[in-house]
Amino acid sequence: MTTTTLRTVRRLTGFTPSGRLHLGNLLGAIRPIVDGQDRSDTVVFLSDLHALTIEHDPGLLRARTLEQATLLLAAGLDPQRALLYVQSQVPQHTELHYLLECATGYGEAHRMIQFKEKSAAQQQVRLSLLTYPVLMAADILLHDADEVPVGDDQTQHLELARDLAERFNARYGPTFTVPRAVRPPVATRVMDLTEPTRKMSKSAAGEAGSILLLDPPEVIRRKLLRAVTDSGRTVGYDPVRRPGVANLLEILAACTGGTPDRLAERFSSYGELKQATADAVIGLIEPVQRRYAELAAAPEQVRRILADGAGAARERTAGTVDRARTALGLA
C-alpha cells in the first residue's frame, strides 16, 4: 500500500518596523499567528528593508526592529515552533529581488496603488518605493509560502507575487510555489479611534487614534474614552451609518470572543461601552506588556533568537535562489 505524506502548509507574515505595533496588529495579525503556529509551518520576519523606501532615522529603525521582535515574542510567538528573523540579515531576499525584477515589467510596478499614493505625498521619491512590491514578492516566493495573510491594502502586492511566480514558472520551468491570500478573520479590522473610516495606523501621525501595544493602561483608557462615536444615544451595531460605535463593538468582540450585534444589547450608553472596551483591551494587552518588560531587560536573548532565525532562514532559502539562478541560465 502506498502512503502519501502531506506537507504542512507554510504561512508567511512580515512586519515593517516603520512604526510602533498597535492593537490592530495584535488582533488582526499577531494573535492569528500565535494561535496557528502549531497547525502551520509559520514564518515571521521583520521587513526592515521595506522601511528604507521612505525617509527614516537609522537609529530609530534599529530600535523599532528590536522592539517589534520583542513584542512578537511577548505576545506568544515561540521560536521553537516558528521561524523569526530580520529580513536584512538574510541576503537571499535581495538576491531574489533582483532576479524577479528581471521578470517584472515597469508598468506592473508603476501601477501599484500604494506607490501612487505614497509617491504623491513625497517631494523626493526613492526608486526603492517603486520596486519594493517586487521585493515583497521575493519575500514570499523565497520561502515557498503557501499562504499569506493580507488586508485590502496588500491584495494588489500579493497578486503581483502570484503573477510573477506563474510567469517565471511558465517561462523558465517549475521554480516557485504560487501563494494564495488568506483573509483576516471577521472583526479584526481595527479602525482609528478618532477617524473610524480609516484603519488604525502605526505611524506617529496616527498615534492619537491608535492604541499602541506599549501604551500604559491609563493612556489606553483615555484614548478609548475619547473615541469618536456619533450623535445618537443608543448603542447599536451599524458599521455603515455608525462606524465609531461599530469599531468599539468590534474591538470588544475581538477581545472577549462575543459578536458585535449581541454585545450592543448589553449597553445603554456610549460611556458604558467605552469603559467595557477599555477594560477588555487593557486585560488583553497587560500580560503582553509584562512579558515584554522581562524580555526587554535582556535584549541579548532576543538578538540571539533573531540571529538563530536568520541562520535557519539562510539555510532554508538558499535552495530557492539556486533554483531561480539555474532556471535563468546563471552559472
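Preceding this paragraph is the structure being described.
Cut-offs used in this document
- Residues numbered from 1 in each chain as written.
- Predicted model: local features only at pLDDT ≥ 70, side-chain atom pairs only at ≥ 80, totals over all residues.
- Heavy atoms only, no water.
- Helix = DSSP H or I, 4+ residues; strand = E, 2+ residues; numbered from the N terminus.
- Rg over C-alpha atoms; globule rule 2.2 N^0.38 Å.
- Buried < 20%, exposed > 50% of the residue type's maximum accessible area, 1.4 Å probe, protein only.
- Contact = heavy atoms within 4.5 Å.
- Pairing = 2+ DSSP bridges.
- Right-handed = clockwise from strand over helix to strand, strands pointing away.
- Salt bridge = Lys/Arg side-chain N within 4 Å of Asp/Glu carboxyl O.
- 1 Å grid on protein atoms, 1.4 Å probe; cavity = no way out; pocket = protein on both sides within 12 Å on 5 of 7 lines; lining within 4 Å.
- Points joined across faces, edges and corners; volume = space filled by probe spheres on them.
- Nonpolar A, V, L, I, M, F, W, Y, C, P; charged D, E, K, R; others polar.

**As for the overall build of the chain**
No. 1: When helices and strands are tallied, the chain shows twelve helices and five strands.
No. 2: Taken over the C-alpha trace, the chain has a radius of gyration of 21 Å; the compact-globule value for 331 residues is 20 Å, and the two agree within 12%.
No. 3: Overall, the chain is about 70 × 55 × 40 Å in size when its C-alpha atoms are taken along their principal axes.
No. 4: Each of the 331 residues in the chain was classed as buried or not, and the buried ones make up 50%.

**As for the side chain of Thr-131**
No. 1: Topologically, Thr-131 is positioned in helix α6 (residues 127-142).
No. 2: Using a relative accessible area of 17% as the deciding quantity, one classes Thr-131 as buried.
No. 3: Those residues in contact with Thr-131 that sit more than four places away from it in its chain are His-97 and Glu-101.

**As for the environment of Leu-26**
No. 1: Mapped onto the secondary structure, Leu-26 falls in helix α1 (residues 23-36).
No. 2: Given a relative accessible area of 6%, Leu-26 falls into the buried group.
No. 3: With 289 residues separating them in the primary sequence, Leu-26 and Glu-315 have C-alpha atoms 29 Å apart.
No. 4: If we ignore the near neighbours within four places in the chain, the residues touching Leu-26 are Arg-31, Pro-32, Ala-75, Leu-213, Leu-284 and Ile-285.

**Describing the pairing of strand β2 (residues 41-46)**
No. 1: Of all six residues in β2, five are buried; the element is thus mostly enclosed.
No. 2: Taken together, the six bridges between strand β1 (residues 10-15) and β2 define a ladder with parallel strand orientation. Directly across from Thr-13, in β2, lies its bridge partner Val-44.
No. 3: Each parallel crossover has a hand, and for β1 linked through α1 to β2 it is right-handed.

**Side note on the pattern of salt bridges**
When the charged atoms of two side chains with opposite charge come close together, those side chains can pair.
No. 1: For the structure on display, the rule yields 20 salt bridges.
No. 2: Between Arg-316 and Asp-41 there is a salt bridge whose closest N-O contact spans 3.6 Å. Taken together, the positions of Arg-316 in helix α12 (residues 299-328) and Asp-41 in strand β2 put the pair 275 residues apart, joining distant regions of the chain.
No. 3: Owing to a relative accessible area of 32%, Arg-316 belongs among the partly exposed residues under this scheme.
No. 4: Measuring nitrogen to oxygen at the nearest pair gives 3.1 Å for the salt bridge that ties Asp-144 to Arg-323. Here Asp-144 is found in the loop between α6 and β4 (147-149), whereas its partner Arg-323 is found in helix α12, with 179 residues between them in sequence.
No. 5: Assessed through its relative accessible area of 16%, Asp-144 is described here as buried.
No. 6: Taking relative accessible area as the criterion, Arg-323 reaches 33% and is therefore assigned partly exposed.
No. 7: Beyond isolated ion pairs, a larger network of salt bridges with shared partners links Arg-10, Asp-41 and Arg-316.

**Points about empty space enclosed by the protein**
No. 1: Summed over the entire model, instances satisfying the criterion amount to one cavity of 30 Å³ or more.
No. 2: Estimates place the volume of the largest cavity at around 30 Å³.
No. 3: Lining the largest cavity are Arg-20, Leu-21, Glu-67, Leu-71, Leu-212, Leu-213 and Leu-214.
No. 4: Looking at the lining of the largest cavity residue by residue, the classes come out as five nonpolar, no polar and two charged.

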